[in-house]
Amino acid sequence: MKRIIFLSLCMLMVISIINISNEKVAASQKSNMKKVLKYYKAKKYKKAKKYAKKLPRYANEKCVRNISKKMKRAYNAKFNKLGKKAEASFFTDVNNDKKADMLVLYGTCEADYTIRLYMYKNGKVVYKAKTGGGHSTFKAYPNHKGFIRHYGHMGYESLSVIKYKHGKLVEKMYGSRDVGMGSYLQLGCLLRTQRSNY
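Throughout what follows, the structure given in this document is the object of discussion. All figures in this text were calculated on a predicted structure; none of them were measured in a lab. (Residues numbered from 1 in each chain as written. Predicted model: local features only at pLDDT ≥ 70, side-chain atom pairs only at ≥ 80, totals over all residues. Heavy atoms only, no water.)

## Overview of the sheet that holds strand β4 (residues 124-132)
- In spatial order, the strands read β4-β3-β2-β1-β9; together these five strands make up an open sheet with antiparallel pairing. Because the sheet does not close on itself, it has two edges, and the strands there are β4 and β9 (193-196). Across this sheet, the average inter-strand angle for adjacent strands is 25 degrees, counted without regard to direction.
- Note: strand β2 (residues 101-106) against strand β3 (residues 114-121), five bridges, orientation antiparallel. Counted as the bridge partner of V104 is R116 from β3.
- This element, helix α4 (residues 69-81), spans β1 (86-92), β2, β3, β4 and β9 of the sheet and lies at about 140 degrees to β3. (Pairing = 2+ DSSP bridges. Helix = DSSP H or I, 4+ residues; strand = E, 2+ residues; numbered from the N terminus. Axes fitted to C-alpha atoms, helices over the stretch in contact; angles between N-to-C directions. Contact = heavy atoms within 4.5 Å.)

What follows is the structure, given as structure tokens:
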């Protein structure tokens, strides 16, 4: 009996340590990403690059880690019904309700890709809105109030934040630049691909 209690306490301690570690990582992500956006907007690209290097490759969001099996099955079923034009899906919390929303990259090629937003409401997956998605990668935005679009094509780069407002996805540009033969900003906190038809 004592051994069972001891093992149970050990497991609780391990779980607590993991949770604390995840929260610290998430806090660090928010702070560094805010600085990237701040300095990119101010055209201080070296400083933006400095803080971008501190970001992990993939986002670490609690809503994605804790997504229920029922919700995940519903999102996957919706993705499958969209057919071959549904290129990939990603999870993130767009409206800060602590629930994972689904973004779907939809189209036939980079020229006509859109990003579509779906939310899980009352046991059903509901389509909400769409916006442009070509030549882009998508990142987690601090405090779950949207997501970041990092666009790059033919030496041109831009950073914008996309938020869900009044039934629409609204894009706010933080800045853009011509990199020419140089390199694009290496920005982490990617939304991890959940399903893909690539």
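Now that the structure has been shown, we can carry on.
## Structural notes on helix α2 (residues 45-52)
- Among the residues of α2, those classed as buried are A48, Y51 and A52. Taken down its axis, α2 places every buried residue within 105 degrees of arc, on the same side. (Buried < 20%, exposed > 50% of the residue type's maximum accessible area, 1.4 Å probe, protein only. Arc of directions from axis to C-beta.)

## Regarding the sheet that holds strand β7 (residues 156-165)
- Taken together, four strands build an open sheet; the order of strands is β5-β6-β7-β8 and the sheet is antiparallel. If you trace the sheet from one side to the other, it starts and ends with β5 (136-140) and β8 (168-178), each paired once. Ignoring strand direction, the axes of neighbouring strands in this sheet form an average angle of 25 degrees.
- With 10 bridges joining them, β7 and β8 adopt antiparallel strand pairing. Looking at the pairing, V161 lines up with K172 of β8.

## Topic: unusual backbone geometry
- In this structure, K43 takes a positive phi of about 65 degrees despite not being glycine.
- Residue placement: K43 occurs in the loop between α1 (2-41) and α2.
- You will see that K98, though not glycine, has its phi angle at about 70 degrees, which is positive.
- Relative to the helices and strands, K98 is located in the loop between β1 and β2.
- Since its relative accessible area comes to 70%, K98 is described here as exposed.

## Looking at the packing of aromatic side chains
- Within this structure, the stated rule accounts for eight aromatic pairs.
- With 5.9 Å between their ring centres and 10 degrees between their planes, Y39 and Y51 make a pair best called stacked. Residue Y39 is found in helix α1, and its partner Y51 is found in helix α2; the two are separated by 12 residues along the sequence.
- Looking at Y39, the relative accessible area reads 14%, which means it is buried.
- Seen from their ring centres, Y75 and F91 are 5.4 Å apart, and the 40 degrees between their planes marks the pair as tilted. (Phe/Tyr/Trp six-rings, centres within 6.5 Å; stacked < 30°, edge-to-face > 60°.)

## A word on the environment of D93
- Summarising the element assignment, D93 is placed in the loop between β1 and β2.
- For the pair formed by D93 and M119, sequence separation is 26 residues and the distance between their alpha carbons is 9.4 Å.
- Excluding residues that lie within four positions of it along the chain, D93 makes contacts with E61, C63, K98, K99, D101, H144, K145 and G146.
- Only 3.3 Å separates the side chain of D93 from the backbone nitrogen of D97, close enough to count as a polar contact. (Polar contact = N/O pair within 3.5 Å; in protein donor to acceptor, adjacent residues only side chain to side chain.)

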